[in-house]
Amino acid sequence: MAERAGYTVTMFLIDVSASMGETRDVELPDAPNGDKRTIEMTNLEWSLQYVKLKIQEMIYNGRKTDQCGVILFGSEETENMIHDRDGGYDHVKEFIPICHPNAGTLAKLSTLKASTQTGDPVDAIIVGIETQDTYLAKKKTWTRKMVVLTDAQNPIETEDWEATAKKMSDLGIMLIVVGIDFDDENIEFEQEDKPHMKRINEQFFHEFASKLESAVVGNCEYVLDEVSRPDAKQVKSALMGHELRMGDPVNHPDEGIVLQVKASKCTALARPKSWKKFAKVQKKDKDGDATTLTQVDDNGVEKVLFSELNRRTEYYLDKDDDEEDAPKPAPADKDDDMDVDVDTQKDVDPDKINRLDKEDLIRGFKYGASFVPCPDGSFARLPTKKGIDICGFFPAKNFKREQAIGEVQYIWADPNSPANQVALSSIVKALCNRKRMAIARWVSKDGMDPKMGVLHPIEFDNVDCLLWVQMPFADDVRKYSFASLDNLISKNGEKITKHPYIPTNAQQDAMDNFVEAMDLMEAGEKDDDGNRLSWFDTRLSYNPAIHRTKQAQFHGAVVQDLNTHPLPPPHWELLKYFNPPRRTLKRAHSAIEDCKQSFNVKQVPKRVTRARKDGHVHTNDDDEMLLLDQLPKPTIKSSQPARSQTAFSQRTSLSPTSNKKQPAKKLDDDSETESEGEAEAMLLDETPAVATTKRAPPSDVDMLMTPARSVSPTPPEQEVDPGRVPGRIVGLTNPLVDFRRNLDAGDIVTKAVEDMGWAITEIINRPFSRRRTKEMIECLKAMRYTSKNEDEVDAWNNFLEDLRHTCVEEEPGNKDFWSQVQKVGREISLISHDETKLKAGKPQGVPESRAVDFIQS
Amino acid sequence: MAPYDEWNRVDDEEDDELQDTSFFESKKDVILFAIDCSISMLELHEDPKYEDVKTCHLFTALEAAMEISKRKVIVGPNDAVGIMLFNTTRKNDSGGQGADIKQNNFVYQPITTIDAPKVSELMKLLDDAREDPSSLRTTFPPLVGHRVPMGDVFTSCNWIMRDGAPKTASKRVFLITDVDDPNAGPGKERLMTSARTTLIDLTQAGIMVEPFFISTEDKPFDQTKFYSSVLLPNNVNDDEGDPSVLLESISITRIDDLLAQMKFREVPKRALFSIPLELASEFVIGVKGYGLVTEQKKGTYRYFVDVGHKMELAGSRTTYVDNIEEDEAMNDSIVYGMALGETLGAEEADDERDMSGTTRAVSAFSRVFFTQDEQKSFRTLGLEPRIKLLGFKDKTELSFEDNVKHSYFIYPDEMARILIRSYNLGLHVTNRLSQAYSGSKRTFSALIKSMAKKEKIGIALALMRRNSAPVFCALVPQEEKAEEGGWNEPAGIHIIPLPFADDIRAAPVQEGLRASDDLRDSALKWIDKLTVKNGSYPPDSYPNPALAYHNEQLEASAFRTDFNPEDFEDVTLPNTAAMHKRAGSLMKEWLSALRQDETANIVDLPDRGKKRKAVNSAQTEGEVRSFYEQGTLAKEFCRGHSLAVSGKKADLLDRVQEYLAAN
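Here the structure is a predicted model, which means the values were calculated and not measured.

For the rest of this paragraph, the subject is the overall build of chain A. Each helix and strand counted, chain A has 26 helices and 28 strands in total. Looking at chain A residue by residue over its 857 residues, the buried ones come to 54%.

Shown next as structure tokens:
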């Protein structure tokens, strides 16, 4: 931690002796089919990963003062500064001079191959010291590091090594020896049949390291694992000067209080490092045909060039100026698609756009449909004065923790001013003493927008300070109303105490036991005194997205091919809090089982496959769309406008025409407003109350649970496995049974009729529907009978017209089925006045003649 | 304020926060005010605010509609409103939205995007009515003798919405009336049925009705006469299958509350996510998540272009171009990798020096970049959206400093439409697995009760949305509690995202001088005086002044009126006058105790070694001023007052002078 970030030169000394060309099998992540996979690579290739990951880290951090150089030993050639000057030091080569690395550095390392020679690591160390020291001649304060990568298979000239060790200590060089197949207690590794020479050399490295101030010798495998361990960068935030004010020091100079304070971040949201976008570089010829740009490297291998992409924003005038209102054809499957991953980009028809020059554009705001010019992009700002003003105090117990909306800041007294320290301390102590917090207004710079927040006192071991967190303005708080979970009141105004929504005493007991059993307060590791600590500590919880992304980015930058070198799994440290501790789960096992039993949460999964809307549009939604479509498409059939009229004209019962709107709405309305979800909930709620109560005299509970009308949650073109589509009370497997059962059970007739119609249409539209023709005719009869007697005349008539249309005029249609319907004749046709006039009220339906004609046409 | 360019970025992987908001703001909200124009609504009474001014309920309702329009336009510039009056004999103009609606329903303003001229028109109407209170009666002659069937009102609303509101918008009708039994008399039963039926139609068209019933002492509003059998439970309290009946809160006992009540409902309730809450393996319920505290930012500026007769909004489109040919890369050809780092010219021994840093050469058959899906999976660690409970801890374990962003609020959902998707790209087929969890409410309710009783919080791992990253969070139960003002604190669980180790910064200051108990007690005195005993942080008392300042200018500019900064009142400023009055003398005492405090006057700071004169900037300005006049201390003064200390002495003096002039 004392180390200064950057200002470091790391020398990588890499053994490329012939022995480094020996190969090993390295485990890869399991293949998608679960098979174990391994890859054969040379020891050099394998251990180089460490160097590359370290270098990638420097590239990632992007500090210019984080530099490195690479020296090879055991190389064919000899090329180093000591040799040039004094000779000797053979087979040591300065491969990459000291610099801030980039992708080219990594590419160059990838070309390394084991040589036919042997090299001496101590030679390389001496060259490394010299090279580094020369480079840092005028940069005495820089940190010096050295990494030796070796299999220690070759003779080492150990004479006089103490002098080298002393020199390193004098220069403060930190040494890391990464040894291939070195024995290592950390991973309990001991190489079998270790050659004698290697054993001696390993001992030498350990002895050498012991003479240094800072040195480690580690097994390569262990080091590679450690390098992917998440490591939170310790950042000490800068101290920003501020004034903490109470009262008005200008007009009341003898009373107003001004303290000089410093603010620094206590928490700061870290995000995963962004990815760069790349694409193959395409070269366009005169005809506009693109070819991929390639280049041939030194070894004659053809390579494809990928270029980093830059963002460019274009402005255009959309001639179709009805920007948001234009009916969009696409969003069929977007309804609760949170990840608007297709991005906000509009598909622009190139013929329709007028590119605009950014210089011609005027900045402004929209005030509804009006344009308010504002060339600066911002109006005059509220004049404010930098500082933190305390507005008042309140008891800390009233603090609403959930309203804190931002990162936390420390507020320290000026470290150079005893008076300010004592002053702030007295306030902190007073607040702690009375368990109070302060309300404060924060302006970070003159003219910056103020923030409101609270100050929380904190007494550390040796210093007192305040913590600040931003709180919401009135504008930031949403007061949505939610139904009470406890107070269920019936239509008659009586409080309901027994209801499927209200937990019973037995259920509450089960939950109490569950909460008890899943307690984490003593579920962690033991401390030094053997007491169990609580499980989960924010200070040890690494952000998996950051570290996994980093791991992937590094890996991608370092390997030559992801196909042969797939990304290893995430480090276990990242996943350690992903599941409750095993001990706790074990202890809670029976409590969990009790809860499952007692609460009996039913899960109703339905696998649904649906075609995308851009495929083909089913016949029936075409019709349904129209009702809500304020701009009917030119293809409407003549009967449509009339129908939409009837849909809204007076009715005493629910006509299916209006019901027809549901699917259409579903398709078009992808808003997440509450209206949709709830109706579904009512409908699908499988509480016994709905199913068992009779239709006629509704009990309290029944009234409450009455599903009323429902919006179907699933679009009509869905196909389902057996059973029902959510939102439909008539299924496709056995519609007639469902239909009758629902009528018997007292569900709303309208819904049953509507869903029956839906089911029939759905079934006859499917392949091989012929074998169900008879069944469907029975369904039709039952539906008609119910419609006629239960005031659903319009529903039937509209449905039947639709059905004929679907069968006869749409593609693929089902003409065969319609002819079967025609065979049944008048008794299945539209319901006429004559059939309904016996009943009270206005006669409904169509003229008798129309009913007769309809079924024949 | 982010410039528009930044706003409109298509980057999908980096900023999930950004999407949070853009997802919502892209959505239009439409409100149709349906206002009763019956004689009772037009009856004049004394204005409660102004003396000798007559007003009527209709006036208040229209005024509220105007205020809501003005508020809405600023938050959602694309939002639309319309105003329909019923029980008036005024005829609709032919051709407009109201052309063929039911008789005695009049469309005063059809549904359109809120627009300055429209609002001005309404303002003018209201101004005229102020001058001549009877003018509303002449403008909208009430229907006498009978009333429009409510079924017709709902049907008219449906048609107006159908004609005027975009399909994807959230649509609501604000029904304002003081007549509790609109369709009394023979045939009431039938009319009630028809009202209920047409209301159901409205609901099915995705339109919510939010009733505002005006009740007065003379004329109490009895909902059981008519409305309790007509309104659907979910109309009243928009929650799924909500079994409770009419809430008191929508019955406005004082007409002045109308606007306040509308403000509560100004923004439609929208869920941010709908995901499973996994209490244990195979013990899962459905919840919906809401953002109850979200920073409301100033609107972002847009680009407009002059097309001659008017200004048009310029659309924008972001593309990605390569560095070499500057050609646009097709979306499906984009792959993801690490930044290549910058080239250091001289040391770079590479042949393609000019290109390294921007291009990477890859052999034709190997792959070094990741696809978008892979890249996303690195963020999510392959998790599906859900909140997974890990266990419980003591309430006190959630410390003040464990905060990085705003919280969320979850509420049980019996029928969460939780979809699990997988793409089959070649076939354009989306597989969905939709799940419902019946029994969620009782489970959730029991969970809250247990946690509250045992003073526990939950610890959970949450992936709230498919493209966000997993976070650990604290689950803080909230039991329901009725508050004054008709606002109920609902039952639910607050989800507080916890900082990761990566987010936690070390404390840079390890030691400091401490105050004596005497000085502490002296501070206690004025702190006590300035404490609101039962208070807390009151968000409602602090409207965002910078936002208001901006919006007032925007509004002034839209209405072509002047904005006078002098008239602007920033209510977030501390009330220093009152502070001095209450505690001034105690603060003075504390200051003088501080000045005499031994520790405070240490001049040799222990860890500095070097002696220097401490700037006692807790001193009064007057003393420092005298130091300044002596021509010393410029640098110390600057340091002490958080001014820059760089530059020559003259610069420092300038800075000091500026400071003193300004303060």
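This part covers the overall build of chain B. Regarding its fold elements, chain B presents 19 helices and 25 strands. Burial status across chain B gives 59% buried among its 663 residues. Contacts spanning at least 24 positions in sequence make up 69% of the contacts within chain B whose residues lie at least 6 apart. Surface summary for chain B: the accessible area is close to 26,800 Å², and the carbon and sulfur share equals 49%.

Residue and element names in this part refer to chain B. In terms of burial, strand 25 (residues 492-497) is a largely internal element, six of the six residues being buried. Looking at chain direction, strand 17 (residues 408-412) and strand 25 are connected through three bridges and run antiparallel. Looking at the pairing, Ile410 lines up with Ile493 of strand 25. As paired elements, strand 22 (residues 471-478) and strand 25 share six bridges and run antiparallel to each other. Along strand 25, the bridge assignment pairs Pro477 with Ile493.

Turning our eyes to something else, we now look at helix 5 (residues 161-171) of chain A. Residues and elements named next belong to chain A. For helix 5, the complete set of buried residues consists of Trp161, Thr164, Ala165 and Met168. Down the axis of helix 5, the smallest arc covering the buried residues is 100°, so these residues share one side. For helix 5, the exposed residues set more than 90 degrees away from the buried face come down to Lys166 and Asp170. Looking at the buried side of helix 5, the elements it contacts are helix 4 (121-135), strand 6 (143-150), strand 7 (173-179) and helix 6 (196-210). Two residues or fewer after helix 5 comes Gly172, characterised by a positive phi angle close to 70°.

Next up on the list: the packing of helix 9 (residues 505-517) of chain A against helix 13 (residues 440-453) of chain B. The geometry of helix 9 of chain A relative to helix 13 of chain B is characterised by a closest axis approach of 9 Å and an angle of 55° between their N-to-C directions. Considered as vectors, helix 9 of chain A and helix 13 of chain B are oriented oblique to each other. Seen from above, helix 9 of chain A lies across helix 13 of chain B with right-handed handedness. Side by side, helix 9 of chain A and helix 13 of chain B meet where A:Gln507, A:Gln508, A:Met511, A:Asp512 and A:Val515 of the first sit next to B:Arg442, B:Thr443, B:Ala446, B:Leu447, B:Lys449, B:Ser450 and B:Lys453 of the second.

Right, let's get into the pattern of salt bridges. Evaluation of the coordinates by the stated rule reveals 56 salt bridges over all chains. The closest approach of N and O atoms between A:Arg381 and A:Asp449, which form a salt bridge, is 3.3 Å. One end of the pair, A:Arg381, is in the loop between strand 18 (370-373) and strand 19 (387-395); the other, A:Asp449, is in the loop between strand 21 (436-443) and strand 22 (451-459), and 68 residues separate them in sequence. The class of A:Arg381 is partly exposed, set by a relative accessible area of 39%. Of the charged contacts in the structure, one is a salt bridge between B:Asp521 and B:Arg520, with a shortest N-O distance of 3.2 Å. One network of salt bridges, with partners in common, ties together B:Asp29, B:Lys72, B:Asp79, B:Arg172 and B:Glu210.

In this section: the confidence of the model for chain A. In low-pLDDT segments, the atomic positions of the prediction should not be examined closely. All names here are of chain A. Overall, the predicted model of chain A reaches an average pLDDT of 78, with 77% of residues at or above 70. Counted against residues more than four places away or in other chains, residues 320-348, with its pLDDT under 50, gives 61 contacts. Within the model, the stretch residues 606-722 combines pLDDT values under 50 with 277 contacts to residues more than four positions away or in other chains.

Right, let's get into the packing of aromatic side chains. Applying the stated criterion to the full structure yields 52 aromatic pairs over all chains. Centroid distance A:Tyr577 to B:Phe472: 5.9 Å. Interplanar angle 90°. Geometry classified as edge-to-face. Of this pair, A:Tyr577 sits in the loop between helix 11 (572-575) and helix 12 (582-599) while B:Phe472 sits in strand 22, placing the two residues on different chains. In this structure, A:Tyr577 and B:Phe472 share a single accessibility class: buried. Cluster of aromatic residues (ring-pair linked, three or more members): A:Trp535, A:Phe536, A:Tyr577, A:Phe578, B:Phe472 and B:Phe500. We note A:Lys108 situated over the ring of A:Phe95; from NZ or CZ to the ring centre the distance is 5.0 Å.

With that out of the way, let us pick up the sheet that holds strand 12 (residues 311-313) of chain B. A sheet is described by the order of its strands in space; here four strands give the open sequence 18(A)-17(A)-11(B)-12(B), paired in antiparallel fashion. Here the strands that pair on one side only, and so sit at the sheet edges, are strand 18 of chain A together with strand 12 of chain B. Direction aside, neighbouring strands of the sheet carry axes that sit 50° apart on average. Relative to strand 12 of chain B, strand 11 (residues 302-306) of chain B is paired through three bridges, and the arrangement is antiparallel. Directly across from B:Phe304, in strand 12 of chain B, lies its bridge partner B:Leu313.

Residues and elements named next belong to chain B. The full count for this structure, using the stated rule, is zero disulfides over all chains. Cysteine Cys37 is unpaired, with the sulfur of Cys56 as its nearest cysteine sulfur at 8.5 Å. Under the relative-accessibility criterion, Cys37 is labelled buried at 0%.

With that settled, the discussion passes to the sheet that holds strand 6 of chain A. Working definition: the strands of a sheet are paired by backbone hydrogen bonds and lie parallel or antiparallel to each other. All names here are of chain A. Pairing is mixed across the open sheet formed by six strands, whose spatial order is 5-4-1-6-7-8. If you trace the sheet from one side to the other, it starts and ends with strand 5 (92-99) and strand 8 (215-219), each paired once. Geometrically, the sheet is characterised by an average inter-axis angle of 15° between neighbouring strands, direction not taken into account. Of the strand pairs in this sheet, strand 1 (residues 8-15) and strand 4 (residues 66-73) are connected by eight bridges, and their pairing is parallel. For Met11, the partnering residue across the bridge sits in strand 4 and is Gly69.

Here we come to the pairing of strand 11 of chain B. Counting buried positions over the five residues of strand 11 of chain B gives four, a clear majority of the element. Relative to strand 11 of chain B, strand 17 (residues 362-367) of chain A runs antiparallel, the two being bridged by three bridges. Looking at the pairing, A:Gly364 lines up with B:Arg302 of strand 11 of chain B. Hairpin geometry of strand 11 of chain B and strand 12 of chain B is characterised by an intervening segment of four residues between the two adjacent antiparallel strands and by a positive phi of about 100° at B:Gly308.

Moving on: the nonpolar core. In terms of nonpolar packing, the biggest core is built from 69 residues, with A:Phe514 and B:Ile387 touching the most fellow members. Here this core takes six residues from strand 22 of chain B, the largest share from any one element. If near-sequence neighbours (up to four positions away) are discounted, A:Phe514 is found in contact with A:Ala591, A:Ile592, A:Cys595, B:Leu279, B:Ala280, B:Leu389 and B:Phe392. With 53 residues, the next largest nonpolar core counts A:Leu361, A:Cys374, B:Leu62 and B:Leu136 among its residues.

All names here are of chain A. At a minimum axis separation of 11 Å, helix 22 (residues 773-789) and helix 24 (residues 815-824) run at an interaxial angle of 50°. The orientation of helix 22 with respect to helix 24, classified from their angle, is oblique. Taken as a pair, helix 22 and helix 24 cross one another with a handedness that is right-handed. Across the interface between the two elements, Thr773, Met776, Ile777, Leu780 and Lys781 of helix 22 pack against Phe817, Gln820, Val821 and Val824 of helix 24. Grouping the amino acids of the contact of helix 22 with helix 24 by side-chain chemistry returns six nonpolar, two polar and one charged.

This part takes up the side chain of A:Gln132. Examined against the element boundaries, A:Gln132 turns out to sit in helix 4. If we skip the residues at most four places from it in the chain, A:Gln132 touches A:Val9, A:Met11, A:Ile98, A:Arg144, A:Lys145, A:Met146 and A:Ile173.

Reading the values: rules and limits
- Residues numbered from 1 in each chain as written.
- Chains lettered and ligands numbered in written order.
- Predicted model: local features only at pLDDT ≥ 70, side-chain atom pairs only at ≥ 80, totals over all residues.
- Heavy atoms only, no water.
- Helix = DSSP H or I, 4+ residues; strand = E, 2+ residues; numbered from the N terminus.
- Buried < 20%, exposed > 50% of the residue type's maximum accessible area, 1.4 Å probe, protein only.
- Contact = heavy atoms within 4.5 Å.
- Areas by Shrake-Rupley, 256 points an atom, 1.4 Å probe, with all protein chains shown as cover.
- Pairing = 2+ DSSP bridges.
- Arc of directions from axis to C-beta.
- Axes fitted to C-alpha atoms, helices over the stretch in contact; angles between N-to-C directions.
- Parallel < 35°, antiparallel > 145°, perpendicular 65-115°, else oblique.
- Left-handed = near helix turned anticlockwise from the far one by under 90°.
- Salt bridge = Lys/Arg side-chain N within 4 Å of Asp/Glu carboxyl O.
- pLDDT = per-residue confidence, 0-100.
- Phe/Tyr/Trp six-rings, centres within 6.5 Å; stacked < 30°, edge-to-face > 60°.
- Lys NZ or Arg CZ within 6 Å of the ring centre and 35° of its normal.
- Disulfide = S-S within 2.5 Å.
- Core = buried A, V, L, I, M, F, W, Y, C linked by side-chain atoms within 4.5 Å.
- Nonpolar A, V, L, I, M, F, W, Y, C, P; charged D, E, K, R; others polar.

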